[in-house]
Amino acid sequence: LDWEQEEDINLLIKSLPSSARMKTPNGKLPLHLACATGRRWNDGVKHLTTAYKAAISIKDEDTGLFPFMIAAAVQNDMASLNCVYNLFRECPNLYQFCPQLEKLAAVLEQPPKLRQQTTDPDDMSDAASSKKKKTTLAVK
């Protein structure tokens, strides 16, 4: 299989759909490999997730990273962001598997005014904290 050719990925999945579930000896799924090699959403990742959707929520045994994390770490461009976005779109509850994302999702689900009230000032930088104090004083 040539990971550089989307056609090879599609052909393999069409011929043997269970291939999307096969792990390498070190525990990597094809989705992990595709994300690690910089594959884009429309260049094979979509087909792998269609063939084995559960793979989106399975951590790479070697790195402990979810596929969206691998995709985000490999490239820092819009195509990578598109891949990460689509992985979340396919599995909207993915944040439940990652405690840090679950906390962020809980804050983002709140109305904007409540979000400001629940923000922990200890997590803010000194500059942001002083700006918040000035804003609070101006509002009073």
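Since this is a predicted model, take the numbers as computed values, not measurements.

What counts, and where the lines are drawn
- Residues numbered from 1 in each chain as written.
- Predicted model: local features only at pLDDT ≥ 70, side-chain atom pairs only at ≥ 80, totals over all residues.
- Heavy atoms only, no water.
- Helix = DSSP H or I, 4+ residues; strand = E, 2+ residues; numbered from the N terminus.
- Buried < 20%, exposed > 50% of the residue type's maximum accessible area, 1.4 Å probe, protein only.
- Contact = heavy atoms within 4.5 Å.
- Areas by Shrake-Rupley, 256 points an atom, 1.4 Å probe, with all protein chains shown as cover.
- Expected span 1.5 Å × (residues − 1).
- Arc of directions from axis to C-beta.

Novice: Got a sec to walk through the overall build of the chain? Specific residues and values, please.
Specialist: The helix and strand tally for the chain stands at eight helices and zero strands. Ordering the α and β elements of the chain from the N terminus gives α-α-α-α-α-α-α-α. Expressed as a percentage of the 140 residues in the chain, the buried residues total 30%. In the chain, 56% of the contacts between residues at least 6 apart in sequence involve partners at least 24 apart. When the accessible area of the chain is evaluated, it comes to approximately 9,200 Å², of which 56% is carbon and sulfur surface.

Novice: So what's going on with helix α5 (residues 78–90)? Which residues, and what values?
Specialist: If you check α5, its first and last C-alpha atoms are 18 Å apart, about what 13 residues at 1.5 Å a residue would give, namely 18 Å. Looking only at α5, the buried set comprises Ser80, Cys83, Val84, Asn86 and Leu87. With its buried residues spanning 165 degrees around the axis, α5 presents them on a single face. Those residues of α5 that are exposed and angled more than 90 degrees off the buried face are Met78 and Arg89. Next to the buried residues of α5 lie α2 (30–36), α3 (45–51) and α4 (67–74).

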